Every structure is written in structure tokens, then in C-alpha cells.
Amino acid sequence: VTACGTGAAITSNSYQGYGSVTIGSTNPTTTCPITFSSACTHTLQCNLGDITTFQPLRAVRTSTSVVTITAQTDMHGDVVIFQCGCN
């Protein structure tokens, strides 16, 4: 998976990670990690929206600075908006 995108900075105890990424890959993509520039050492929760195909997405925290989004069908080329909070 390539060109999944980088999110805005997440700072502990603040709700300020938001933006959009265009999912890019040479192959069909159903998962895509979004890496934030700062680690979150608390609970990290994200709201996601696929504004291209409007499909349901799931966010899974895979490390202190990475959230992986997963879809049921190919996201290649989709634009995904996100808002994440570190609480």
C-alpha cells in the first residue's frame, strides 16, 4: 500500500488531528495506515468518512502514532476525511 497519507499532529490530551487523505495504490486497497506526526499516549479515537464512495470505514489504532483505516471494498483513489482525538 502506498501514498496513504499523513495526518495532522496529535498531541496528548488534545483533540486536534483532522484532515483528509487520498488513498493511493497501484493495487486494490482495503486498508490504509494514517501516520500522525506526534504520538498519542492516551486513548485515540477517530471519526472517518469516505467522501468518494460513501462506504463505511473502520479505524484501528495500530501504534501510538498510526491509525489504520479499513473498508469492505477497494478504496483506491477515494478521499477519506478524518478527525482524531487523543484523550
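See above for the structure.
Residues numbered from 1 in each chain as written. Predicted model: local features only at pLDDT ≥ 70, side-chain atom pairs only at ≥ 80, totals over all residues. Heavy atoms only, no water.

(A) Examining the overall build of the protein more closely. A count of helices and strands for the protein gives zero helices and six strands. Across the protein, helices and strands are ordered from the amino to the carboxyl terminus as β-β-β-β-β-β. A buried classification covers 37% of the 87 residues belonging to the protein. Put simply, of all contacts in the protein between residues at least 6 apart along the chain, 71% involve residues at least 24 apart. (Helix = DSSP H or I, 4+ residues; strand = E, 2+ residues; numbered from the N terminus. Buried < 20%, exposed > 50% of the residue type's maximum accessible area, 1.4 Å probe, protein only. Contact = heavy atoms within 4.5 Å.)

(B) Structural detail: the nonpolar core. Among the nonpolar cores identified, the biggest contains 18 residues, and Ile 10, Ile 23, Phe 36, Leu 44, Ile 69 and Cys 84 are the most heavily contacted of them. Mapped onto this core, the elements with two or more residues apiece are β2 (31-35), β3 (44-50), β5 (66-71) and β6 (79-86). Here this core takes four residues from β6, the largest share from any one element. Look past the residues within four positions of Ile 10 in its chain and what remains in contact with it is Gly 17, Phe 36, Ser 38, Ala 39, Cys 40, Leu 44, Cys 84 and Cys 86. (Core = buried A, V, L, I, M, F, W, Y, C linked by side-chain atoms within 4.5 Å.)

(C) Focus on the state of the cysteines. Applying the stated criterion across every chain, the model contains two disulfides. Bridging Cys 40 to Cys 86, the disulfide has an S-S length of 2.1 Å. Every disulfide takes its handedness from the sign of the S-S torsion; for Cys 40 and Cys 86 that torsion is 90°, giving right-handed. With a gap of 46 residues between them, Cys 40 in the loop between β2 and β3 and Cys 86 in strand β6 connect regions that are remote in the sequence. The partner cysteine of Cys 46 in its disulfide is Cys 84, sulfur to sulfur 2.0 Å. Disulfide Cys 46 to Cys 84: torsion about the S-S bond roughly 110°, handedness right-handed. Of the two residues, Cys 46 sits in strand β3 while Cys 84 sits in strand β6, which places them 38 residues apart along the sequence. For Cys 46, a relative accessible area of 18% corresponds to the buried category. (Disulfide = S-S within 2.5 Å.)

(D) Local environment of the sheet that holds β5. Here we have three strands laid out as an open sheet, ordered β2-β5-β4, and antiparallel in their pairing. Every interior strand has two partners, whereas the edge strands, β2 and β4 (57-61), have only one. Shown here is a sheet whose adjacent strand axes are inclined to one another by a mean of 25°, direction ignored. Bridge count for β4 against β5 is five bridges, and the pairing is antiparallel. Along β5, the bridge assignment pairs Arg 58 with Thr 70. (Pairing = 2+ DSSP bridges. Axes fitted to C-alpha atoms, helices over the stretch in contact; angles between N-to-C directions.)

Geometric descriptors of this kind do not, in isolation, establish any biological role.
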